Amino acid sequence: MQVETIAQQTYDLKKELKKMAQQIDQALVKALPEEEAIPSIIHQSMRYSLFAGGKRLRPLLALAACQAVQGDQNKVMAAACALEMIHTYSLIHDDLPAMDDDDLRRGKPTNHIVYGEAMAILAGDGLLTRAFGLLAEAAFAEAKGQSAEVAQRYLQVITEIAQASGSQGMIGGQVMDMEAEEKAIDLPTMEYIHQHKTGALIKTSLRTGAILGGGSHEAIEALSAYGEYLGLAFQITDDLLDIQGDTEKLGKPVGSDEKNQKSTYPSLLGVEKAREAAEEAVQSAVEALEPFGSEAELLRQLALYLLEREN
Ligand SMILES: CC(C)=CCC/C(C)=C/COP(=O)(O)OP(=O)(O)O
Ligand SMILES: C=C(C)CCOP(=O)(O)OP(=O)(O)O
């Protein structure tokens, strides 16, 4: 595969990503109740995981998709925060003893290790609930502010995010993943797991940015296709990092999939073939951006970065 290596073009990308992640963090700080708000313990627990140092990939994708359709990023920030809250809730629950039983996440002890299982469950529930509250507030504000069209876009986004994170989306993927533990599964089942557990929220992040940015139907579909390939590449590299990565850089334990006897791309196809599958998915993601010009450069670079990421 002929792709420019990240070393050739990484400097600006990293600077741009850092700047955008800081803006997302500022918005996230304001989007949750203060730590002191009663009952303080739940707000501490929600903030603990939300600000533990995630890459902010999903909100970044939403903002980058908005940039690709030359939309107003201010209209996307609330939804970008909601996506990160939903993702963080899913990680808190994924780490619970009843699921992957992991004790390290984002370089820190997992939520249940610090706050106990009951509070970790509730912190996840709190983040999920706040995410939809935030989305509804944004729709309401647009409707009141005479922007009926943007309000309507928000309603479409709320519907799509609910679908992508629900029992026929991310939760469905997690269920299939759990059901597949200690079993030999085939490639279509593996693809179902990846598309739903990880891919659905990633694809929806792109659609969210494109829809709220006022993109055309064609642009939204092209960014959806990019998101599908990117989601696949992202999960395959996650599985590869679980085998070949470094706990310190990853901020989460390696070997978790083996511990839980999970079938993954590398365990099914071997490391080499899994790596090739990730490269092919990235290539297809970049090709899906052909209708766009320089306004989609961030998305192009992000796709290439995925192949070299260490965390
Ligand atoms: C509804 C729930 C709980 C959804 C969890 C979704 C999800 C993407 C978990 C992480 O997957 P993983 O276990 O492959 O990743 P990691 O290596 O980060 O634990
Ligand atoms: C979906 C998967 C594979 C879980 C980890 O997601 P990220 O790698 O995006 O986690 P953070 O950076 O947000 O912690």
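Structural data are supplied above this passage.
Residues numbered from 1 in each chain as written. Chains lettered and ligands numbered in written order. Predicted model: local features only at pLDDT ≥ 70, side-chain atom pairs only at ≥ 80, totals over all residues. Heavy atoms only, no water.

**Describing the layout of surface pockets**
If you add up the space inside the second largest pocket, you get close to 270 Å³. Lining the second largest pocket are 14 residues; nearest its centre among them are Gln195, Gly199, Ala200, Lys203 and Glu228. Looking at the lining of the second largest pocket, the elements with two or more residues in it are helix H7 (148-165), helix H9 (187-212) and helix H10 (217-244). Of the residues forming the lining of the second largest pocket, the biggest block, 7 residues, is contributed by H9. Split into classes, the residues belonging to the lining of the second largest pocket amount to 3 nonpolar, 7 polar and 4 charged. (1 Å grid on protein atoms, 1.4 Å probe; cavity = no way out; pocket = protein on both sides within 12 Å on 5 of 7 lines; lining within 4 Å. Points joined across faces, edges and corners; volume = space filled by probe spheres on them. Helix = DSSP H or I, 4+ residues; strand = E, 2+ residues; numbered from the N terminus. Nonpolar A, V, L, I, M, F, W, Y, C, P; charged D, E, K, R; others polar.)

**Some remarks on the site of ligand 2**
The full set of residues close to ligand 2 is Gly54, Lys55, Arg58, His87, Leu91, Arg106, Thr198, Phe234, Gln235, Asp238 and Lys252. Interatomic distance of 2.8 Å between a side-chain N/O atom of His87 and an oxygen atom of ligand 2. When the free accessible area of ligand 2 is taken as 390 Å², the share hidden by the protein chains comes to 88%. Within the residue set of the shell around ligand 2, elements represented by two or more residues are helix H4 (77-94) and H10. Sorting elements by how many residues they give to the shell around ligand 2 places H10 first, with 3 residues. Class assignment of the residues belonging to the shell around ligand 2 gives a composition of 2 nonpolar, 4 polar and 5 charged. (Near = heavy atom within 4 Å. Polar contact = N/O pair within 3.5 Å; in protein donor to acceptor, adjacent residues only side chain to side chain. Areas by Shrake-Rupley, 256 points an atom, 1.4 Å probe, with all protein chains shown as cover.)

**Side note on the site of ligand 1**
Around ligand 1, a shell composed of 13 residues is seen, among which Asp94, Asp100, Arg105, Lys197 and Lys252 lie nearest. Here an oxygen atom of ligand 1 and a side-chain polar atom of Asp94 are 3.1 Å apart. Here Asp100 contributes a side-chain N or O atom positioned 3.0 Å from an oxygen atom of ligand 1. Burial of ligand 1 by the surrounding chains reaches 92%, relative to a free accessible area of 520 Å². At the level of elements, H4, helix H8 (170-179) and H10 are the ones that each hand at least two residues to the shell around ligand 1. Counting residues per element, the shell around ligand 1 draws most heavily on H4, at 4 residues. In the shell around ligand 1, the residues fall into 3 nonpolar, 4 polar and 6 charged.

Purely spatial values, then, with no claim about function.
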